[in-house]
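Breakdown of the fold
Listed below are the residues making up each chain.
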Amino acid sequence: MITINGKKTETNAIFLSDLLVQIDLAKQLCAVEVNKTLVSHKERETYKLQDGDDIEIVTLVGGG
């Protein structure tokens, strides 16, 4: 069980990159924090998720 943007979520994802695929954000430009630490784009493939992780994801939105 993890928390994504304040919402408790169950996942079978092992790596952060797997989670982003599951929630359809793998191809979107976004910033990801895990437990208040920014995870770089390069680290997402190897960053292992843990039970209880608190994840914040911010995507870019265009407009004016």
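Please refer to the structure placed before this passage.
Description of the structure in this document. In this text, all values refer to a predicted model and were calculated from it rather than measured experimentally.

**Looking at the sheet that holds strand 4 (residues 37-39)**
Here five strands make up an open sheet; going across it, the order is 2-1-5-3-4 and the pairing mixed. Among the strands making up the open sheet, the edge pair consists of strand 2 (7-9) and strand 4. Recorded for the sheet is a direction-independent mean angle of 30 degrees between the axes of neighbouring strands. In terms of strand pairing, strand 1 (residues 2-4) meets strand 5 (residues 54-59) through two bridges, oriented parallel. Paired with Ile-4 across the bridge in strand 5 is Ile-55.

**Some remarks on the pairing of strand 5**
Of the strand pairs in this sheet, strand 3 (residues 30-34) and strand 5 are connected by five bridges, and their pairing is antiparallel. Looking at the pairing, Cys-30 lines up with Thr-59 of strand 5.

**Observations regarding unusual backbone geometry**
In this model, Asn-5 sits at a positive phi of 50 degrees, which is unusual for a non-glycine residue. Phi angles above zero are rare outside glycine, and Asn-35 is one such case at about 50 degrees. Here Asn-35 is to be found in the loop between strand 3 and strand 4.

**Section: the side chain of Arg-44**
Note on placement: Arg-44 falls in the loop between strand 4 and strand 5. Look at Arg-44: it is buried, it has no salt bridge, and the nearest opposite charge is Glu-43 at 7.9 Å. There is a polar contact of 2.8 Å between the side chain of Arg-44 and the backbone oxygen of Cys-30. Contacts of Arg-44, omitting those with residues within four sequence positions, involve Phe-15, Leu-16, Ser-17, Leu-20, Cys-30, Ala-31, Val-32 and Val-39.

**Observations concerning the nonpolar core**
Counting 14 residues, the largest nonpolar core has Leu-16, Leu-19, Val-32, Val-34, Leu-49, Ile-55 and Ile-57 as the members making the most contacts within it. Setting aside residues up to four positions removed in sequence, Ile-55 forms contacts with Ile-2, Thr-3, Ile-4, Asn-5, Leu-19, Val-32, Glu-33, Val-34 and Leu-49.

**Comments concerning the side chain of Thr-3**
Within the secondary structure, Thr-3 is located in strand 1. Setting aside residues no more than four positions away along its own chain, Thr-3 makes contact with Lys-8, Asp-53, Asp-54 and Ile-55.

Thresholds applied
Residues numbered from 1 in each chain as written. Predicted model: local features only at pLDDT ≥ 70, side-chain atom pairs only at ≥ 80, totals over all residues. Heavy atoms only, no water. Pairing = 2+ DSSP bridges. Helix = DSSP H or I, 4+ residues; strand = E, 2+ residues; numbered from the N terminus. Axes fitted to C-alpha atoms, helices over the stretch in contact; angles between N-to-C directions. Buried < 20%, exposed > 50% of the residue type's maximum accessible area, 1.4 Å probe, protein only. Lys, Arg positive; Asp, Glu negative; His and termini not counted. Salt bridge = Lys/Arg side-chain N within 4 Å of Asp/Glu carboxyl O. Polar contact = N/O pair within 3.5 Å; in protein donor to acceptor, adjacent residues only side chain to side chain. Contact = heavy atoms within 4.5 Å. Core = buried A, V, L, I, M, F, W, Y, C linked by side-chain atoms within 4.5 Å.

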